[in-house]
Amino acid sequence: MNERLARLRRALESLEVKDDRATLAAYGRDESGAGEFLPALVVFPRTSSEVQAVMRACSTHDVPVTPVGARSGKSGGALPVRGGVSLSLERLDRILEVRPADLIATVQPGVILETFQKAVEEVGLFYPPDPNSAAVCTLGGNVAENAGGPRALKYGVTRDYVLGLEWVLPSGELLKVGRRTLKGVAGYDLVGLFVGSEGTLGVATEITLKLLPRPPAVMTALLAYPSVVEAADAVSQVLMGGGLPRCLELLDDVAIAAVSGRGIDFPSGCGACLIVEVDGPSEEFALAELDRVSRLAASRGAALGPGIVAMDRDQRERLWAIRRLVSESLRAIKGFKFSEDVVVPRSRMAEAIARFKGVGHDLGLLVATYGHAGDGNLHTNVLYGGEHERPLVDRALEAIMRITVDLGGTITGEHGVGLTKRQFLSIEQQKAVIDWQRRLKVFVDPQVILNPGKMFPED
Ligand code: LAC
Ligand code: ZN
């Protein structure tokens, strides 16, 4: 490998390459908690053709290459588990154009999601996908993982907004796939295939996104319940009653305890809560819609009081700040955690949460659940105190995956399979389906140098 790396380094001479200790350590970690995997070097191309040059060089010298954005991923997708090159897309960070008349925009992959959202909102447009990491994550990373967030309930996930891609294959070849129009059915849906391919089939160097008109009015409220059973039931009541809020987020008792005293006073006896957000063409409309949804959510008399309605932007921000704090506050309880993102049929949510808690109870681990309840997408977190508890944690995670699939769900709704869930894929998918996907991977990447060691179970 050393000889090959030395030759590769010479081939990349004209590009920005770093291999100092601090950089390698920084690119050896992400938000998955999966550990440290150091690359041998990190390359920072600035153009599509430089990305092509990196891929070509890695292919020529047979060195593994792992694409990376902001390192905010939750499944270890950007960890260079076989060493080699970390290919950072951060320097490709320009919004190339926003076309209000066509409701589209074209961006480079290193643009920070929040920067893009603000830019389009300034001209009256709206880009809905909103992972919790919006302030740091990149659109390229969102495309790689097909990221979602609270607003997915009404507006869908990243894949629903990607119209076209400029895509560099592991060979260095560049494809322009998809389109720049809203509709279009020519050929196979390669955009659909590449979005969510977790950096295993190539990298986006340009992304054309669909936009929507910005809804003028937004209203948010927090509804409290004695336990997750009532809260999960309320979610079903809202959806069956014809309500479609843009967000319907759940926090269980552990999550509430973790964030209480940090900006919101939860009512006493509150063992679970829902954050509800609606939008619409006017304040009156949004208020009426919030009222309708809140009534549906309280229809079985289980809600504790009328709920806390955010009366202005500041109060709304305070509710969402609480929601954003959940992940790190849970980690702080024991020092370490694994955050899952399973999805179950919405009618099975209460049962799923209770069974996940039971898994923790049986193994002596604390399990918390919060997340995108409107989608049945649950962030079940297994909290633990250190490496010595890892064998127990691994058992808990596998049990959670088995319960999820048993209930008719899927092992990942937004974070991807990556490294941390690769051994669980076979719980959900048939061997024939996994084999077929492996063949597809080898067709695109015959040397298996692009992001090796991800997505598929170890042989
Ligand atoms: C969230 C991340 C973990 O929703 O997906 O908080
Ligand atoms: Zn989430």
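Since the model is a prediction, treat every value here as computed from it, not as a measurement. (Residues numbered from 1 in each chain as written. Chains lettered and ligands numbered in written order. Predicted model: local features only at pLDDT ≥ 70, side-chain atom pairs only at ≥ 80, totals over all residues. Heavy atoms only, no water.)

Asks: In this structure, what is going on with the overall build of the protein? I would like to understand it.
Replies: When helices and strands are tallied, the protein shows 15 helices and 19 strands. If you line up the protein on its principal axes, its C-alpha atoms span 70 × 55 × 40 Å. A burial count over the protein gives 54% of its 459 residues as buried. Looking at the protein alone, contacts between residues at least 24 apart form 74% of all its contacts between residues at least 6 apart. Per element, the accessible surface of the protein, about 19300 Å² overall, is 52% carbon and sulfur. Across the protein, the 52 positively charged side chains and the 57 negatively charged ones have centroids separated by 3 Å. (Helix = DSSP H or I, 4+ residues; strand = E, 2+ residues; numbered from the N terminus. Buried < 20%, exposed > 50% of the residue type's maximum accessible area, 1.4 Å probe, protein only. Contact = heavy atoms within 4.5 Å. Areas by Shrake-Rupley, 256 points an atom, 1.4 Å probe, with all protein chains shown as cover. Lys, Arg positive; Asp, Glu negative; His and termini not counted. Charge placed at Lys NZ, Arg CZ, Asp CG, Glu CD.)

Asks: Is there a simple way to think about the coordination of the zinc ion (ligand 2) in this case?
Replies: Octahedral six-donor coordination of a metal ideally yields angles of 90 or 180 degrees, compared with 109.5 degrees for tetrahedral four-donor coordination. With distances of 1.8 to 2.1 Å, the protein atoms coordinating the zinc ion (ligand 2) are His-372 (NE2), His-379 (NE2) and Glu-414 (OE). Spacing between the donor residues of the zinc ion (ligand 2) along their common chain follows H-x6-H-x34-E. Pair noted here: His-372 is in strand β18 (residues 366–372) and Glu-414 is in the loop between α13 (390–406) and α14 (425–428), with a separation of 42 residues, a long-range link. In this pair, the class of His-372 matches that of Glu-414, namely buried. (Donors = N, O, S within 2.8 Å, 3.2 Å for Na, K, Ca; no water.)

Asks: Help me out: how do you make sense of the packing of aromatic side chains in this one?
Replies: By convention here, two paired aromatic rings are described through the distance between centres and the angle between planes. Under the defined criterion, the tally for this structure stands at 7 aromatic pairs. Plain terms: the ring middles of Phe-116 and Tyr-127 are 5.3 Å apart, the flat faces sit at 70 degrees to each other, and that makes the pair edge-to-face. In this pair, Phe-116 sits in helix α4 (residues 113–122) while Tyr-127 sits in the loop between β7 (125–126) and α5 (139–145), placing the two residues 11 residues apart along the sequence. Between Phe-338 and Tyr-384, the ring centres sit 6.0 Å apart and the planes meet at 5 degrees, which makes this aromatic pair stacked. (Phe/Tyr/Trp six-rings, centres within 6.5 Å; stacked < 30°, edge-to-face > 60°.)

Asks: Can you help me understand the sheet that holds strand β9 (residues 174–178) in this one?
Replies: Pairing between the strands of a sheet comes from backbone hydrogen bonds, and it takes one of two forms, parallel or antiparallel. Strand order across the open sheet formed by 5 strands is β5-β6-β10-β8-β9, with antiparallel pairing between neighbours. A strand with exactly one partner marks an edge of an open sheet, and here the two such strands are β5 (95–99) and β9. Neighbouring strand axes in the sheet, compared pairwise and without regard to direction, differ in orientation by 10 degrees on average. Of the strands in this sheet, β8 (162–168), β9 and β10 (203–210) are in contact with helix α3 (residues 48–61), which crosses β8 at around 50 degrees. (Pairing = 2+ DSSP bridges. Axes fitted to C-alpha atoms, helices over the stretch in contact; angles between N-to-C directions.)

Asks: What exactly am I supposed to notice about the sheet that holds strand β1 (residues 17–18) here?
Replies: Within the open sheet, the 4 strands sit side by side as β1-β2-β4-β3. Their pairing is mixed. Edge strands, defined here as strands with exactly one partner in the open sheet, are β1 and β3 (65–68). Where β3 and strand β4 (residues 85–88) come together, 4 bridges link them in parallel fashion. Following the sheet pairing, Pro-67 is matched in β4 by Leu-87. The sheet contacts of α3 involve β2 (41–43), β3 and β4, and relative to β4 the element is tilted by about 165 degrees.

Asks: Explain the site of ligand 1 to me, please; I cannot follow it from the model alone.
Replies: With respect to spatial proximity, the complete set of residues near ligand 1 consists of Lys-74, Asn-132, Arg-323, Tyr-370, His-372, His-379, Glu-414 and His-415. Separating an oxygen atom of ligand 1 from a side-chain N or O atom of His-379 is a distance of 3.0 Å. In this structure, Glu-414 approaches ligand 1 through a side-chain N or O atom, which is 2.9 Å from an oxygen atom. Coverage of ligand 1 by the protein chains reaches 93% of its 220 Å² of free accessible surface. Within the shell around ligand 1, the residues separate by chemical class into 1 nonpolar, 4 polar and 3 charged. (Near = heavy atom within 4 Å. Polar contact = N/O pair within 3.5 Å; in protein donor to acceptor, adjacent residues only side chain to side chain. Nonpolar A, V, L, I, M, F, W, Y, C, P; charged D, E, K, R; others polar.)

Asks: Would you mind going over helix α11 (residues 313–334) with me for this structure?
Replies: One turn of the α-helix equals 3.6 residues, which is why residues spaced by three or four share an orientation. With 22 residues, α11 extends 33 Å between its outermost C-alpha atoms, agreeing within 8% with the 32 Å of an ideal straight helix rising 1.5 Å per residue. The principal kink in α11, of about 45 degrees, is found at Val-326. Within α11 the residues assigned to the buried category are Leu-319, Trp-320, Ile-322, Arg-323, Leu-325, Val-326, Ser-327, Ser-329 and Leu-330. Sitting at the head of α11, Asp-312 places a side-chain oxygen 3.1 Å from the backbone nitrogen of Asp-314. Where α11 terminates, the next one or two residues include Gly-335, which has phi positive at roughly 100 degrees. (Expected span 1.5 Å × (residues − 1). Bend = angle between axes of the 7 residues up to and from the residue.)

Asks: Would you mind showing me how to read a nonpolar patch on the surface here?
Replies: Taken together, the side chains of Tyr-188, Leu-190 and Leu-193 define a hydrophobic patch exposed on the protein surface, amounting to about 330 Å² of accessible area. With respect to the helices and strands, the residue Leu-193 is situated in helix α7 (residues 190–194). (Patch = residues over 30% accessible without salt bridge, like charges linked within 9 Å, V, L, I, M, F, W, Y side chains within 5 Å. Salt bridge = Lys/Arg side-chain N within 4 Å of Asp/Glu carboxyl O.)

Asks: Any chance you could explain the nonpolar core here in plain terms?
Replies: The tendency in soluble globular proteins is for nonpolar side chains to be buried as a group. If you look at the biggest cluster of nonpolar residues, it comprises 53 residues, and the most contacted ones within it are Leu-250, Leu-274, Val-276, Met-349, Phe-356, Leu-378 and Val-382. Not counting chain neighbours up to four residues away, the residues in contact with Leu-274 comprise Ala-221, Leu-222, Leu-223, Tyr-225, Ala-231, Ala-234, Val-235, Leu-248, Glu-249 and Leu-250. (Core = buried A, V, L, I, M, F, W, Y, C linked by side-chain atoms within 4.5 Å.)

Asks: Explain unusual backbone geometry to me, please; I cannot follow it from the model alone.
Replies: If a residue is not glycine, its phi is most likely negative; likewise, a peptide bond is most likely trans. Of note, the phi angle at Glu-198 is positive, near 55 degrees, even though the residue is not glycine. Note on placement: Glu-198 falls in the loop between α7 and β10. On the basis of relative accessible area, Glu-198 is assigned to the buried category, the value being 5%. A positive phi angle is found at Asn-451, which is not glycine, with a value near 45 degrees. With respect to the element layout, Asn-451 can be found in the segment after α15 (431–444).

Asks: Can you help me understand the environment of Glu-289 in this one?
Replies: Mapping Glu-289 onto the fold places it in helix α10 (residues 283–297). A sequence separation of 36 residues divides Glu-289 from Asp-253, and the C-alpha atoms of the two residues are 27 Å apart. Not counting chain neighbours up to four residues away, the residues in contact with Glu-289 comprise Leu-244 and Val-278. Within polar-contact distance, the side chain of Glu-289 engages the side chain of Arg-292 at 3.2 Å.

Asks: I'm lost on the pattern of salt bridges in this one. Help?
Replies: Opposite charge on two side chains allows them to pair when their charged atoms are near. Enumeration over the complete set of coordinates arrives at 31 salt bridges. Close ionic contact of Glu-277 with Arg-246 constitutes a salt bridge, the shortest N to O distance being 2.9 Å. Placement of Glu-277 in strand β14 (residues 272–280) and of Arg-246 in the loop between α8 (228–240) and β13 (247–252) is noted, with a sequence separation of 31 residues between them. Exposure remark for Glu-277: the relative accessible area of 3% places this residue in the buried category. Residue classification places Arg-246 among the buried positions, given a relative accessible area of 5%. With a shortest N-O distance of 2.9 Å, Lys-421 and Asp-341 are connected by a salt bridge. In this pair, Lys-421 is assigned in the loop between α13 and α14 and Asp-341 in the loop between β16 (336–339) and β17 (342–343), connecting sequence segments 80 residues apart. One continuous salt-bridge network, built from bridges that share partners, spans Glu-97, Arg-99, Asp-102 and Arg-180.

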